[in-house]
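Working through the structure, step by step
Chain residues, written in single-letter form:
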Amino acid sequence: MKRIRLLFGAGVVLALVLVALAAPLIASHDPTDQDLANTFAPPFWMQPASGAYLGGDSLGRDVYSRLVYGARTALVVAVLGAGCAGLIGSVLGLLAGYFGGWLDSMISRLVDIWMSFPSVLLCIVLAALLGAGLHTVVIALAVIDWTRFCRVVRAEVRVQREQDFVAAAISIGLTPGQILTTEMLPNVMPLLITLFTLEMGVAVVVEAILAFVGLSATQVPTWGSILQEGRPYVNQAWWLMALPTLCIIITVMGLNALGD
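Report follows, based on the coordinates. Because the structure is a prediction, the values reported are computed rather than measured. (Residues numbered from 1 in each chain as written. Predicted model: local features only at pLDDT ≥ 70, side-chain atom pairs only at ≥ 80, totals over all residues. Heavy atoms only, no water.)

Structural notes on the overall build of the chain
Definition in use: By the criteria applied, helices consist of DSSP H or I runs no shorter than four residues and strands consist of E runs no shorter than two, each listed in order from the N terminus. Exposure classes here rest on a 1.4 Å probe applied to the protein chains alone. A residue is buried below 20% of its type maximum, exposed above 50%, and partly exposed in between. Residues count as neighbours in contact if any of their non-hydrogen atoms are within 4.5 Å of one another.
Along the backbone of the chain there are 10 helices and 0 strands. Scanning the chain from its N terminus toward the C terminus, one meets helices and strands in the order α-α-α-α-α-α-α-α-α-α. Based on the C-alpha atoms only, the size of the chain along its principal axes is roughly 75 × 40 × 30 Å. A total of 260 residues make up the chain; the buried ones form 44% of that total. Long-range contacts, defined as pairs at least 24 residues apart, comprise 72% of the intrachain contacts of the chain with a sequence gap of at least 6.

Structure below.
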């Protein structure tokens, strides 16, 4: 079972990366091109002669091409958002776990206060204040999700701080910075990789939520924006909501399976 989950997760992530990198090559149309002749054109299995492989939206834009370019946006947001959150949380977790004392207390209280706020609501408020755009999504993700990394890294570093290899490193004259970066960080890295993979899934969902309420990027296609644009027409063109939702679900399931 674990092997199946690993293969599924790795396959989904690999497919996401390949689609994102090869988007200009595999997309059948420019995702912003409008063709009113293909307005609400059904997918190929409903109408084989359709001019749009996975249908057209309300402006006749090719849904397949928009989903392909949406994969690129999802990957960028996932990597940057999870990376920024991981960087902030890991640094604070390393400092709190190693030095302890007042610094640990201050960072721990900050984490407790920060986690008391509803994360999605806080993300929407931050995005509303910063304005719509991919940079806003990345900043919002980093601001709300650094606490996950901080708590895990802090707990692991507190355990490692009592180990003999740390005492040996101190005895040979290594500085705290050297101990943290050369002795402790490599041991924490497997946890960080796991958290990073899981956080990428969270980032995909958060971007879709912000796009759905109009607070994500508007210049480039995103799965959330395709979902939001198809909402008013769900009764006449259900695929406009079903297809991006399916992309989001498969991507998040793959990232979570790989992280597990």
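Overview of the layout of surface pockets
The following threshold applies: Computed over the protein atoms alone on a 1 Å grid, cavities are sets of points where a 1.4 Å probe fits but cannot get out and pockets are open sets with protein on both sides within 12 Å along at least five of seven lines; a residue lines them when it has an atom within 4 Å of a point. Grid points are joined across faces, edges and corners, and a volume is the space filled by probe spheres set on the points. Just so you know the grouping, Ala, Val, Leu, Ile, Met, Phe, Trp, Tyr, Cys and Pro go in nonpolar, Asp, Glu, Lys and Arg go in charged, and all remaining residues, Gly too, go in polar.
Considered as a void within the structure, the largest pocket measures approximately 350 Å³ in volume. Val19, Leu67, Ala71, Trp223 and Cys247 are the residues nearest the centre of the largest pocket, which is lined by 15 residues in total. If you list the elements that add at least two residues to the lining of the largest pocket, you get α1 (2–21), α3 (63–99) and α10 (239–259). Tallied by class, residues from the lining of the largest pocket come to 14 nonpolar, 1 polar and no charged.

Side note on the environment of Gly214
Looking at the secondary structure, you find Gly214 in the loop between α8 (176–212) and α9 (223–230). In this structure Gly214 comes out as partly exposed when scored by relative accessible area, which is 43%. Along the primary structure Gly214 and Gly131 are separated by 83 residues, whereas in three dimensions their C-alpha atoms are 9.9 Å apart.

Remarks on the packing of aromatic side chains
The condition that has to hold: Only centres within 6.5 Å qualify two rings of Phe, Tyr or Trp (six-membered ring in Trp) as a pair; their planes then separate them into stacked at under 30 degrees, edge-to-face at over 60, and tilted for everything else.
Throughout the structure, instances matching the rule amount to 3 aromatic pairs. Centroid distance Tyr98 to Phe99: 5.1 Å. Interplanar angle 90°. Geometry classified as edge-to-face. Classification of Tyr98 by relative accessible area gives buried; the value is 13%. Pairing Trp238 with Trp239 gives two aromatic rings, centres 5.9 Å apart and planes at 80°, and the pair type is edge-to-face. For Trp238, a relative accessible area of 38% gives the class partly exposed. Judged by relative accessible area, which is 3%, Trp239 ranks as buried.

As for the side chain of Thr147
Within the element layout of this structure, Thr147 appears in helix α6 (residues 134–160). Assessed through its relative accessible area of 3%, Thr147 is described here as buried.

Quick notes on empty space enclosed by the protein
Empty space among the atoms becomes visible once a probe the size of a water molecule is rolled across them. Overall, the coordinates contain 1 cavity of 30 Å³ or more when judged by the stated rule. In this structure, the largest cavity spans a volume of roughly 40 Å³. Looking at the largest cavity, the residues that line it are Asp57, Val63, Arg66, Ile226, Glu229, Gly230 and Leu240. For the lining of the largest cavity, the elements supplying multiple residues, two or more each, are α3 and α9. The dominant element in the lining of the largest cavity, judged by the number of residues it contributes, is α9, at 3 residues. A per-class count over the lining of the largest cavity returns 3 nonpolar, 1 polar and 3 charged.

Comments concerning the packing of α1 against α3
Worth spelling out the cut-off: Axis geometry follows a simple rule: fit a line to the C-alpha atoms, using only the stretch in contact for helices, then measure angles between N-to-C directions, giving values from 0 to 180 degrees. Oblique is the label for every angle not falling under 35 degrees (roughly parallel), over 145 degrees (roughly antiparallel), or within 65 to 115 degrees (roughly perpendicular). Crossing handedness follows the turn of the near helix against the far one: under a right angle anticlockwise gives a left-handed crossing, and clockwise gives a right-handed one.
Contact geometry of α1 with α3 gives a least axis separation of 8 Å together with a crossing angle of 115°. When the interaxial angle is binned, α1 and α3 end up roughly perpendicular. The crossing of α1 and α3 is left-handed. The residues of α3 that touch α1, namely those facing Leu16, Val17, Val19, Ala20 and Leu21, are Val68, Ala71, Arg72 and Leu75. Across the contact of α1 with α3, the residue classes break down as 8 nonpolar, no polar and 1 charged.

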